[in-house]
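Chains, contacts and geometry: an overview
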Amino acid sequence: MTESLYEQLGGEAAVNAAVDIFYRRVLNDYRINRFFDNVDMEEQAAKQKAFLTMAFGGPNNYTGADMRQAHAKLVKKGLDDSHFDAVMEHLSGTLEELNLPQDLIGQVAAIAESTREDVLGR
Amino acid sequence: MTVRKIKLDEQTVLCQPDEPLLDSLLRENIEISHGCRQGACQSCMLRSLKGKPPAEAQHGLKEGLKRQNYFLACLCYPQQDMEIAYSHHRDYVTYATVKAKQMLNPEIMQLVIETDEGLDYYAGQFVNLKREDGLTRSYSIANHRMHGRQLSFHVRRLSGGQFSEWAHQELQVGDRLAVSEPQGLCYYQPGQPEQNLLLIGTGSGLAPLAGIISEALHDGHRGDIHLYHGSSDLNGLYWVEEMRSLQQRYANFHYTPCISRGEPNPDKARGRAHEVAFKDLTALKGWRVYLCGHPDMVAASKRQAFMAGASLSDIYADAFHVASSSVD
């Protein structure tokens, strides 16, 4: 039996290692950090973890509708492709920082990319 | 596997074998906030009132929450009958007698009470104090655990503050108060004596921090302990001499009182406590951080501490919300 993407990446331990790095990168990016003002950091980190778990191919029950609903307010504030791209950059950057193999990073990016239309409410 | 009885408030729910507790509660139309159903979002957190919940149901929770028998309903497959509560006991567990009142500065009073029964608490936690007519406010415990049944609090007098004005003016030594179970996660956790600690407090936010510091030092903490206590002016600071003498006794304890407005003072740092702290300490990877006081300071500092490298799971915060200081 072949290992799932989630298992190959290192499962929950890998998600835990990634979440701090990813969130810190996002908050440090002037292009997108205004979308994270006034949010509770712990709640936000829990959401980031759920998102990364999903992108890592781990257990989740994310639906497109959840994604739409969760980002609707941000879309009103001007969330667009450029911001989505910035987050994608940080996702890959985080995984590179963790020295994960390029082909796995590509698979994670593809899963994350598949949420673009829902996140941007299109 | 057998069906388990789950008691929540007045209701009893039957949890089927191989069914997560969350599902059985939702099936009975009990409102439980929930999200991911897989332990990540932690929105379905409940608390076991009798005994430990199943270990797997505590997966990913902070140590303090685990110790207080919190668990996630979506990960919980009950192994026995359970009695659970939404988040914490709403009941008052004991009564206490006022032992002493003493002004620490023009606006903050130290209130010492003795509880009828011993409480199991950690320095830095808070309790709700309830007056006879039901008026309730939360106050942080300012002493460490060696004091047994004696608890002390720093009660800042707020103009128009119903409880604080009453406590300052009318509450007498010998009067009685109801005391809730200790709550909150902003406390000293033993077990990592080498970890550096950063504590930032404004106003009476010094109370829980002082408790945490004395518990840490008492526990033989070896890492550096940095305390930044701030106020807008000199009048708002207190325990300056106490903290200075502690600094002389313990080489690893560092104290910086901060004044943000008014005349510069030669032996106080100039600026807001968190701004001074993050100017001094720029690399916080591996540090544990405690933040107590004004909600804006707490929110800003949480972010700055995280950006400076502290892990979110190492940041403990207790924001003093004035309007909602009586916990719902």
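In what follows, the accompanying structure is described. Values in this document were obtained by computation on a predicted structure and should not be read as measured data.

**Regarding the sheet that holds strand S2 (residues 11-15) of chain B**
Residues and elements named next belong to chain B. What the five strands build is an open sheet, ordered S2-S1-S5-S3-S4; its pairing is mixed. Across the chains shown, the open sheet's two edge strands, defined by having one partner strand only, are S2 and strand S4 (70-72). Sheet twist, expressed as the average angle between the axes of neighbouring strands with direction ignored, equals 40°. Pairing between strand S3 (residues 45-48) and strand S5 (residues 82-85): two bridges, direction antiparallel. When the bridges of S5 are listed, Arg47 appears paired with Ala85.

**Here we look at the packing of aromatic side chains**
All told, the structure shown has eight aromatic pairs over all chains when counted by the stated rule. Consider the rings of B:Tyr122 and B:Tyr187, whose centres lie 4.2 Å apart with planes at 5°: the pair is stacked. Residue B:Tyr122 is found in the loop between strand S7 (108-115) and strand S8 (126-130), and its partner B:Tyr187 is found in the loop between strand S11 (176-180) and strand S12 (197-202); the two are separated by 65 residues along the sequence. A single burial state applies to B:Tyr122 and to B:Tyr187, both of which are buried. Here the aromatic cluster, defined as three or more aromatic residues joined through ring pairs, consists of A:Tyr23, A:Phe36 and B:Phe306. One cation-aromatic arrangement involves A:Arg24 over B:Phe306; the distance from NZ or CZ to the ring centre is 4.3 Å. Lying across the ring of B:Trp166, B:Arg131 places its NZ or CZ 5.0 Å from the centre.

**Description of the side chain of B:Thr115**
Assignment of secondary structure puts B:Thr115 in strand S7. Within the structure, B:Thr115 has its side chain in polar contact with the backbone oxygen of B:Glu117 (distance 2.8 Å).

**As for the environment of A:Ser4**
Residue and element names in this part refer to chain A. For Ser4, the location among the structural elements is in the segment before helix H1 (5-9). Look at Ser4 and you get partly exposed, because its relative accessible area is 31%. Sequence-wise, Ser4 and Met41 are 37 residues apart; in three dimensions their C-alpha atoms are separated by 30 Å.

So, how was this worked out
Residues numbered from 1 in each chain as written. Chains lettered and ligands numbered in written order. Predicted model: local features only at pLDDT ≥ 70, side-chain atom pairs only at ≥ 80, totals over all residues. Heavy atoms only, no water. Pairing = 2+ DSSP bridges. Helix = DSSP H or I, 4+ residues; strand = E, 2+ residues; numbered from the N terminus. Axes fitted to C-alpha atoms, helices over the stretch in contact; angles between N-to-C directions. Phe/Tyr/Trp six-rings, centres within 6.5 Å; stacked < 30°, edge-to-face > 60°. Buried < 20%, exposed > 50% of the residue type's maximum accessible area, 1.4 Å probe, protein only. Lys NZ or Arg CZ within 6 Å of the ring centre and 35° of its normal. Polar contact = N/O pair within 3.5 Å; in protein donor to acceptor, adjacent residues only side chain to side chain.

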